[in-house]
Each structure stands twice: as C-alpha cells, then as structure tokens.
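Chains, contacts and geometry: an overview
Residue-level listing of the chains:
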Amino acid sequence: MNRRDALRVAGLAAVTVAVGAQAKIPEEYMNRIEMKPVNPAKLDAGELKHSPLVTLEKKDSAGYTMVHISVGQGGIIHPSTQDHWIDFIELYADNKLVGKNILEPEISRGATSFAVKLEGIKILTAKAGCNLHGIWATTVTL
Ligand SMILES: [Fe+2]
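Read on for an overview of the structure. Everything quoted here is computed from the prediction, not taken from an experiment. (Residues numbered from 1 in each chain as written. Predicted model: local features only at pLDDT ≥ 70, side-chain atom pairs only at ≥ 80, totals over all residues. Heavy atoms only, no water.)

Attention now moves to the coordination of the iron ion. Binding of the iron ion to the protein goes through His50 (NE2), His78 (NE2), His84 (NE2), Cys130 (SG) and His133 (ND1), at separations of 2.1 to 2.3 Å. When the donors of the iron ion are listed by position in the chain, the intervening gaps give H-x27-H-x5-H-x45-C-x2-H. Of this pair, His84 sits in the loop between β2 (65-71) and β3 (86-93) while Cys130 is found in strand β6 (residues 123-130), placing the two residues 46 residues apart along the sequence. Residue class for His84 comes out buried when judged on its relative accessible area of 12%. Assessed through its relative accessible area of 0%, Cys130 is described here as buried. (Donors = N, O, S within 2.8 Å, 3.2 Å for Na, K, Ca; no water. Helix = DSSP H or I, 4+ residues; strand = E, 2+ residues; numbered from the N terminus. Buried < 20%, exposed > 50% of the residue type's maximum accessible area, 1.4 Å probe, protein only.)

Below, the structure is given as structure tokens:
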C-alpha cells in the first residue's frame, strides 16, 4: 500500500465514523484496492483475517463440487458489523467468473458456497472484499 492508498483508507475510516453505526456506507467510500500479503508463506494476523479459506467437498452425482469460501484463516473470522464487513465474495475457475455473492453486514458474515463443475479446471481463485481493508484473494491449484 503506498502513501496515497494509506491516506485513502484513513479517509475512509474517518467517513465510516462520521456515517455512524446504522447508516450504509456509500459505494464510493468502499475500499477496492487489491491487497497482497507481504509474505504469502507467513500471513500476519490482519492478512489471516482477510484471506479467503477455500474448501472443497467431493464431487456429487451430477458432476458438481461444492466449493466453500469463508473469510478468515487460522481460526480468525472476519467481523461483520455495520461499518466493517465482507461485502462480496467471488469465485473464479481458471480466471473465469463462476459467481459473486453480495453480503450484507451483521446478518451475514464473509462466507458462501458455489456448486462448480471442476472437470479440466486447474486453478480456483476466491476474492473477498472488505469495505475497509480492500480485496483479498486466495488461489488454490487443483
Ligand atoms: Fe476488514
């Protein structure tokens, strides 16, 4: 994150406080910066909190595999409050969009599932958007 991005996030935090606990945060103040862990082999607590955890079930009789995505790893679950939540989760199969779920604060948290035909697919990428801390991705090689 460069200085300009840091200032943008700081401004976002100020707006979040000003907006208050019950008001919806305007779309233009959502943090949409694509974030990357400093060291992907050793995530820190903030990175663990935002990184999607991708788990797969066995393929069903129709050929679909349930792909579960939950935001937070290592026992850390991302919070879901009116001013800080995971507002969307997307899944890509070989860089092609499988689906996108929009999530509301408080009543849901950063988790969703997709039933996917994985025949011939080599890479799954889950992306999760935190309104304050940007967009985080996890890639799984099949
Ligand atoms: Fe966050």
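Once that is clear, we can look at the pattern of salt bridges. The tally for this structure, following the rule as stated, stands at four salt bridges. Between Glu34 and Lys127 there is a salt bridge, with its nearest N and O atoms 3.8 Å apart. Of this pair, Glu34 sits in the loop between α1 (3-19) and α2 (45-50) while Lys127 sits in strand β6, and the two are 93 residues apart along the sequence. Across the salt bridge formed by Lys59 and Glu119, the nearest N and O atoms sit 3.8 Å from each other. Remark: Glu119 occurs in the loop between β5 (111-116) and β6 and Lys59 occurs in the loop between β1 (52-56) and β2; sequence separation between them is 60 residues. For Lys59, a relative accessible area of 53% gives the class exposed. Given a relative accessible area of 69%, Glu119 falls into the exposed group. (Salt bridge = Lys/Arg side-chain N within 4 Å of Asp/Glu carboxyl O.)

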